[in-house]
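Below, each chain spelled out in residue letters.
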Amino acid sequence: MSWATLFSAVNAAALGLWLVLLLAPRRHGTIGWLRLLGAGGLSLFYVMLVATALTVGFGEEGGAAPDFSTIAGIRAIFASDGGVVTGWTHYLALDLFTGLWIAEDADKRQMGRVMQAPILTLTFLAGPAGLFLYLALSRAIWRTTGD
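Below is a summary of the structure that appears in this document.

Definitions and cut-offs
The residue count restarts for each chain, going from 1 along the sequence in the order it is written. Per-residue local features are limited, in this predicted model, to residues with pLDDT of at least 70; the limit for side-chain atom pairs, both in listing and counting, is 80 or more; totals at the level of whole chains, interfaces and linings are taken over all residues. Side-chain numbers here rest on the full set of heavy atoms in the structure, without hydrogens or water. With a 1 Å grid laid over protein atoms only, a set of points is called a cavity when a 1.4 Å probe fits there but cannot get out and a pocket when it is open yet has protein on both sides within 12 Å along at least five of seven lines; lining residues have an atom within 4 Å of a point. Grid points are joined across faces, edges and corners, and a volume is the space filled by probe spheres set on the points. Per the convention used, a helix needs a DSSP run of H or I reaching at least four residues, while a strand needs a run of E reaching at least two, with both numbered from the N terminus. As a working rule, the residues Ala, Val, Leu, Ile, Met, Phe, Trp, Tyr, Cys and Pro are called nonpolar, Asp, Glu, Lys and Arg charged, and the rest polar, with Gly in that last group. In the sections that follow, a salt bridge refers to a side-chain nitrogen of Lys or Arg positioned within 4 Å of a carboxyl oxygen of Asp or Glu.

This part covers the layout of surface pockets. The calculated volume of the largest pocket comes to roughly 190 Å³. What lines the largest pocket is Trp-88, His-90, Tyr-91, Leu-92, Leu-94, Asp-95, Phe-124, Leu-125, Ala-126, Gly-127 and Pro-128. Within the residue set of the lining of the largest pocket, elements represented by two or more residues are α4 (81-108) and α5 (113-143). Ranked by residues supplied to the lining of the largest pocket, first place goes to α4 with six residues. Class assignment of the residues belonging to the lining of the largest pocket gives a composition of eight nonpolar, two polar and one charged.

Structural data, given as structure tokens:
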């Protein structure tokens, strides 16, 4: 399977998982299942990609194991399609996990889904920015309610 195919597959999977998070009813353990199958599945795929890279390299024809200790080594990793797919999978897994945490915490705080939607969308598009927005809003809103 080509790196382009893997990239498309991981993107499609992440988009589908985010749509479920945004649109599906949250009952019967929806968040838990998304955490296990979604963030867990992307994380497992990431681990498999890293294990492959450490044993055969990221290049189309194999090569040396990646060097994570220098900027030149990181640049070399992302110069390959395999490195891009692996790095992107890393981002997708952590952003989804963050989105799931935000949704679960917001549900506990009884924040409406309409208010959650832009925060979760920003988390999907720019992970840390969405997390920052949620932390800032939840702190500002719940500070006055004793939380």
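With that settled, the discussion passes to the pattern of salt bridges. Across all of its chains, the model carries three salt bridges by this definition. Asp-107 is the salt-bridge partner of Arg-26, the closest N and O atoms lying 2.8 Å from each other. With Arg-26 in the loop between α1 (3-23) and α2 (30-56) and Asp-107 in helix α4, this pair connects stretches of sequence that are 81 residues apart. The residue Asp-105 makes a salt bridge to Arg-109 at a minimum N-O spacing of 2.8 Å.

The analysis is restricted to geometry; functional conclusions fall outside its scope.
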